[in-house]
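Structure assessment
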Amino acid sequence: MKLKASLALVSASLLLTACGGGSDPEPAAGGGPVTLSFLVDKDPLTLDGAKALADAFMKTDPTVKVEVETRPGGTEGDNIVKTRLSTGDMADVFWYNSGSLLQALNPAQTMVDLTGDPVLTNVQKDFLPVVSQAGKVYGVPAGAGMGGGILYNRKVYEKLGLKTPTTWAEFMANNQKIKDAGITPVITTFKDTWTSQLFVLGDFHNVQTQVPDFAQDYTAGKAKFAATPAAQAGFEHLAEVHAKGYVNKGFGSATADQGLKLLVEGTGAHYPMLSAMLPPMLKDNPQVATDIGFFGVPGTDPATHGATLWEPPGIYIAKTTDKLDAAKKFLAFVASPAATEAVGKVVRPAGPYRIEGAKLPDDAIQAAKDLQAYIDRNATTPALEFLSPVKGPALEQITVAVGSGLTPPAEGAAQYDKDVEKQAKQLGLEGW
């Protein structure tokens, strides 16, 4: 259920990866600085924030120098990380995904256990499970989170006197009022098929609140989307907005860029999407910072309304390092408000930091502030892909068909259950 690689270029700008762009620190007393190698994704969108993080850290501790090593992204990069870990050739510290993809790295054998270490002092407790395995913690957050839910045009809401919904019924009532005003209620962009998944993926907070053991039972082959009304609801949402004529004309050939343009212009009111899509637009569309807000996919109970959160990646220490003290100093800095402040000056986050005491910059986009409000009241849930390794590759094709009115939602959910079964068996998971 992981979103496709087309999102990687957007989310990369949120990552706090270190860069060796700063000047060499002064030698420590008794000798030169310890040189710490740091393996990161080489995507250029990370560089502004990376340089700010590295420079800020080296100013705080001139006894340690961080040297960055780059690797490709995507599958090629995954294979490099796995190979270097398995051969004992990993950099001292490295950036990698949190959540289910971390589990494939066998962290108990390849990474330093940070459980109970002061390095984690400032890390928000509800982030720790996505960098953990078997109760042991292995990483710190490498940047800001991002929300998966509904981006909405605040000026349209103001013009029509609408309130942000806390239930699906309220959301659909808003859609009708928006349609009556001659504005597209729900922007749909199925040319970029990955964008079709948000009503399903972004609904997981509602699944978790209604069925707290779903992720665990789903991984064990006991829970199914088609047999769990709360989980099937995301497919039903896709079908309903199409059936009621709330989607834009030409939705099947529309792209994500076109969808964002409709949203910013106010010719479309809602766009089921990730908040990470917004910061890259600011240069050409500065109004995005104030005009576009965010709310979680509404469920059935206003008392449990919240949002699904895509957690930031992690930074980990390779077990083969011979510079453990320096590595822990670096991770402790990364997991500090000072680090987020340094990076926030050059990279505008799409969501909240996962560090206690860290604050969004004053010029943070409204969508990030909206997501922070959910965090502040403990009303977020990690996306299912952070809690379970079971992901089916055909979800985006299934959701396109359901959202186009070609496949009934119950049938789509059943198709996805079959899709994930193949993948779970390939992983050798028990219960499948």
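Before reading on, note that the structure itself is shown above.
This section reports on the structure supplied with the text. Fair warning: this is a prediction, and the values are worked out from it, not measured in the lab.

A word on the nonpolar core. Membership of the largest hydrophobic core comes to 135 residues, with the highest contact counts inside it found for F94 and F225. Setting aside chain neighbours within four positions, we find F94 in contact with F38, L39, V81, L85, L105, M111, G314, I315, Y316, I317 and A318.

On to the layout of surface pockets. There is about 400 Å³ of room inside the second largest pocket. Surrounding the second largest pocket, 20 residues form its lining, P129, A215, F386, L387 and S388 being those nearest its centre. With four residues, the top contributor of residues to the lining of the second largest pocket is helix α10 (residues 214-219). Residues belonging to the lining of the second largest pocket are distributed by class as follows: nine nonpolar, 10 polar and one charged.

Before going further, it helps to spend a moment on empty space enclosed by the protein. Rolled over the atoms, a probe as big as a water molecule pinpoints where empty space is left. In total, this model carries two cavities of 30 Å³ or more according to the counting rule given. The computed volume of the largest cavity comes to approximately 110 Å³. The wall of the largest cavity is formed by 15 residues, among which T188, F190, T195, L238 and P272 lie closest to the centre. Among the secondary structure elements, those contributing two or more residues to the lining of the largest cavity are α8 (198-201), α11 (229-243) and β9 (268-274). For the lining of the largest cavity, the per-class residue count stands at 10 nonpolar, five polar and no charged.

Sheets are built from strands paired through backbone hydrogen bonds, the pairs being either parallel or antiparallel. Ordered by their spatial adjacency, five strands build an open sheet running β2-β1-β3-β12-β6, and the pairing between neighbours is mixed. The sheet is open, and its two edges are formed by β2 (64-71) and β6 (139-141), each paired on a single side. If you compare each strand with its neighbour and ignore which way they point, the axes differ by 25° on average. As defined by bridge partners, β6 adjoins strand β12 (residues 314-317) across three bridges and the pair is classed as antiparallel. Bridge assignment links V140 to a residue of β12, and that residue is I315.

To continue, consider the pattern of salt bridges. Between side chains of opposite charge, a pair can form as their charged atoms come close. Counting across every chain of the model gives 12 salt bridges. Where R84 meets E69, a salt bridge forms, and the shortest distance between an N and an O atom there is 3.0 Å. Of the two residues, R84 sits in helix α3 (residues 74-86) while E69 sits in strand β2, which places them 15 residues apart along the sequence. Residue R84 is classed as buried on the basis of its relative accessible area, which comes to 17%. You can call E69 partly exposed: its relative accessible area is 28%. D363 is the salt-bridge partner of R348, the closest N and O atoms lying 3.8 Å from each other. Separated by 15 residues along the polypeptide, R348 in the loop between α15 (337-344) and α16 (366-376) and D363 in the loop between α15 and α16 bring together distant segments of the chain.

Rules used in this analysis
Residues numbered from 1 in each chain as written. Predicted model: local features only at pLDDT ≥ 70, side-chain atom pairs only at ≥ 80, totals over all residues. Heavy atoms only, no water. Core = buried A, V, L, I, M, F, W, Y, C linked by side-chain atoms within 4.5 Å. Buried < 20%, exposed > 50% of the residue type's maximum accessible area, 1.4 Å probe, protein only. Contact = heavy atoms within 4.5 Å. 1 Å grid on protein atoms, 1.4 Å probe; cavity = no way out; pocket = protein on both sides within 12 Å on 5 of 7 lines; lining within 4 Å. Points joined across faces, edges and corners; volume = space filled by probe spheres on them. Helix = DSSP H or I, 4+ residues; strand = E, 2+ residues; numbered from the N terminus. Nonpolar A, V, L, I, M, F, W, Y, C, P; charged D, E, K, R; others polar. Pairing = 2+ DSSP bridges. Axes fitted to C-alpha atoms, helices over the stretch in contact; angles between N-to-C directions. Salt bridge = Lys/Arg side-chain N within 4 Å of Asp/Glu carboxyl O.

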